[in-house]
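Each chain is listed here by its residues.
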Amino acid sequence: MRSERARAGDGLARRLSSFAVVAQGLLAGTSLAASLPACLAPDSDCSLREVAALAGVPVGSAVNPALFAVDPLYVPTLVREFDSVTSENAHKWPSLHPAPGVYDFAAADAVVELAEANGMRVRGHTLLWANPERIPGYVNDMASPDVLRAELTEHIETVVGRYAGRIAAWDVVNEPLENLGSTLYENVFFQQLGPGYIAEAFRIAHAADPSALLFLNEVFVTVPGTERFDAFLALVKDLIADGVPIHGVGLQTHLLGGLVPVDPATFQAAVRTFTDLGLHVEITEMDVPMLGGGADALDLQAEIVQEVVGACLAVPLCDAVTFWGFTDLHTWIDGTFGPGYRPLLFDEAYERKPAYFALRHALQERALAMPEPAGPASALAVLAALGALARRRAPGCGVAR
Ligand code: XIL
């Protein structure tokens, strides 16, 4: 069965082709190649961020500022390839605010300053990840709702206020649901403030920077009809109904690549469920850990990246993609699940993997599907390029499933 993404491509091709027939007569003698941005050609060698810019979709990575001065390839690769960054840990509560009244912004500032020096967007991750092991002990121990509410307010006002106008989007609350469950996680905020703590956090953040886009970020909420998905959707709908300033849903997208099949059409249905509510959707933390050491695993990984990112980017309000790191040399998967899963876009020697080309291909497709401002010559060029892309899959994307 053909993917919805392929069918969406057909629709675009149909719309463009009727236009193209009319335009053709006007264009005798013009060079199609001249009007197609070089980065959209199937054999281009542009960076991810060059292609992403044409698609109007930031392409991002989580970053660890402790590596900036330690690994000589880290920053050059990051700034060449990405135009969006998320602190892997530096903006989390325990890093920024380890004790009452004590803030340490050094690492977080380093991320924001690197981004500003290199024309990159910053996603703020995260104001409130309130599982007991993700929050300092002094917060878990707060004895009364008033004290806890005051601490939450101070934390969000201080952090969002410091970066107002500089951090474009915040994951206000991270992982509000029980691990793998379908009820709200009963953390200290839930226990003392009730389920309304989520709405409170969004309202405080919005007041501190009305220009920031505010996201609810969650993992494993991409299969509509499951209890967990329905619980998350109900939460999002309640926030909207209550007038809470929520602008988007972050889908973490840690995919257990070789282990659990991911159906791109199902993923896209989940995305559409949120965008139909008027929300942005971003892929916020993608990685695809693979079992097995062979090249086949990397080809399958590339196919998953292309299909899942493509399924999201076929939806206009799915408008950014962030990976949770970029080189297999530095990945939280090694620390959490053990070595050898190779979940990212570059290998340990910073060579581009098939997954890299698959992501670039998905970004090219999004760029080619953009409405055409430039007139008939470029419409025809887009049509030609769409055909070329359809005939030629990204390198490494040939594994049948
Ligand atoms: C992870 C970091 O990558 C690790 O370095 C840290 O030890 C734990 O957190 N979902 C999230 C991210 O929302 O914040 C997590 O990041 C990965 C899972």
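This report concerns the structure included in the present document. (Residues numbered from 1 in each chain as written. Predicted model: local features only at pLDDT ≥ 70, side-chain atom pairs only at ≥ 80, totals over all residues. Heavy atoms only, no water.)

Looking at helix α10 (residues 197–208)
Think of an α-helix as 3.6 residues a turn; residues three or four steps apart then line up on the same face. Between the first and last C-alpha of α10 there are 17 Å, a value that for twelve residues agrees with the 16 Å anticipated at 1.5 Å per step. Residues Y197, I198, A199, A201, F202, I204 and A205 constitute the buried set of α10. Residues of α10 that are buried in the fold lie against β3 (121–128), α8 (145–162), β4 (169–174), α9 (188–193), β5 (213–218) and α11 (227–241). (Helix = DSSP H or I, 4+ residues; strand = E, 2+ residues; numbered from the N terminus. Expected span 1.5 Å × (residues − 1). Buried < 20%, exposed > 50% of the residue type's maximum accessible area, 1.4 Å probe, protein only. Contact = heavy atoms within 4.5 Å.)

Thoughts on the site of the ligand
Around the ligand sit 13 residues in total, of which E88, K92, H125, N174 and E285 are the nearest. With respect to the ligand, the side chain of N89 contributes an N or O atom lying 2.9 Å from an oxygen atom. At 3.0 Å, a side-chain N or O of W324 approaches an oxygen atom of the ligand. Here the ligand loses 81% of its free accessible area of 410 Å² to cover by the protein chains. Here the residues of the shell around the ligand sort into three nonpolar, five polar and five charged. (Near = heavy atom within 4 Å. Polar contact = N/O pair within 3.5 Å; in protein donor to acceptor, adjacent residues only side chain to side chain. Areas by Shrake-Rupley, 256 points an atom, 1.4 Å probe, with all protein chains shown as cover. Nonpolar A, V, L, I, M, F, W, Y, C, P; charged D, E, K, R; others polar.)

What to know about the packing of α8 against α10
Two elements in contact, α8 and α10, have axes whose closest approach is 9 Å; the angle formed by their N-to-C orientations is 35°. Our pair here, α8 against α10, has a crossing hand that is right-handed. Between α8 and α10, the residues in contact are R149, L152, T153, I156, E157, V160 and G161 and E200, A201, I204, A205 and A208, respectively. The class makeup of the residues in the contact of α8 with α10 is seven nonpolar, two polar and three charged. (Axes fitted to C-alpha atoms, helices over the stretch in contact; angles between N-to-C directions. Left-handed = near helix turned anticlockwise from the far one by under 90°.)

Some remarks on the state of the cysteines
In this structure the tally under the stated criterion is two disulfides. The disulfide bridge from C39 ends at C46, spanning 2.1 Å between sulfur atoms. Every disulfide takes its handedness from the sign of the S-S torsion; for C39 and C46 that torsion is -80°, giving left-handed. The class of C39 is buried, set by a relative accessible area of 12%. (Disulfide = S-S within 2.5 Å.)

Some words on unusual backbone geometry
The peptide bond linking H125 to T126 adopts the cis configuration, its omega dihedral lying at 0°. Tracing the sequence through the fold places T126 in strand β3. Positioned with a positive phi, F220 is a non-glycine residue whose angle comes to about 55°. Here F220 is to be found in the loop between β5 and α11. Under the relative-accessibility criterion, F220 is labelled partly exposed at 43%. Residue Y350 is not a glycine yet carries a positive backbone phi of 65°. Tracing the chain through its elements places Y350 in the loop between α14 (332–337) and α15 (354–368).

Thoughts on the pattern of salt bridges
Overall, the coordinates contain eleven salt bridges when judged by the stated rule. Ionic pairing is found between R162 and D109, a salt bridge with its closest N-O pair at 2.6 Å. One end of the pair, R162, is in helix α8; the other, D109, is in helix α6 (residues 106–117), with 53 residues separating them in the sequence. With a closest N to O distance of 2.9 Å, E282 and R123 form a salt bridge. Note that E282 is positioned in strand β7 (residues 280–286) and R123 in strand β3, a separation of 159 residues in sequence. Neither residue differs from the other here; E282 and R123 are each classed as buried. (Salt bridge = Lys/Arg side-chain N within 4 Å of Asp/Glu carboxyl O.)

Overview of the packing of aromatic side chains
Going through the model one piece at a time under the given rule, you end up with 14 aromatic pairs. Taken together, a centroid distance of 5.6 Å and an interplanar angle of 50° make the contact between F82 and F326 tilted. In this pair, F82 is assigned in the loop between α4 (74–81) and β2 (84–87) and F326 in the loop between β8 (318–323) and α14, connecting sequence segments 244 residues apart. Of the residues examined, F326 reaches a relative accessible area of 1% and is grouped as buried. Between the aromatic rings of W93 and F189, the centroid separation amounts to 6.3 Å while the plane-to-plane angle is 50°, which identifies the pairing as tilted. Separated by 96 residues along the polypeptide, W93 in helix α5 (residues 93–96) and F189 in helix α9 bring together distant segments of the chain. Grouping residues by exposure puts W93 and F189 together as buried. Grouping aromatic residues by their ring pairs yields a cluster made of F68, Y74, F82, F326, F346, Y350, Y356 and F357. Lying across the ring of F215, R123 places its NZ or CZ 4.9 Å from the centre. One Lys or Arg, R162, reaches over the ring of F105 and ends 4.0 Å from the middle of that ring. (Phe/Tyr/Trp six-rings, centres within 6.5 Å; stacked < 30°, edge-to-face > 60°. Lys NZ or Arg CZ within 6 Å of the ring centre and 35° of its normal.)

A closer look at the nonpolar core
Judged by nonpolar contacts, the single largest core of 113 residues is most densely connected at L128, W170, F189, L216 and L359. Not counting the four nearest positions on each side in its chain, L359 is found in contact with L48, V59, V305, V309, V321, F323 and L345. (Core = buried A, V, L, I, M, F, W, Y, C linked by side-chain atoms within 4.5 Å.)

Side note on the sheet that holds β2
Pairing in this closed barrel of eight strands is parallel, and the strands run β1-β2-β3-β4-β5-β6-β7-β8 around the ring. Sheet twist, expressed as the average angle between the axes of neighbouring strands with direction ignored, equals 25°. For β3 and β4, the ladder comprises four bridges, and the chain directions are parallel. Bridging from a neighbouring strand, H125 pairs with D171 of β4. The strands that α8 touches are β3 and β4; relative to β3, the one it contacts most, it runs at about 170°. Along the sheet, α10 makes contact with β3, β4 and β5, crossing β4 at roughly 160°. (Pairing = 2+ DSSP bridges.)

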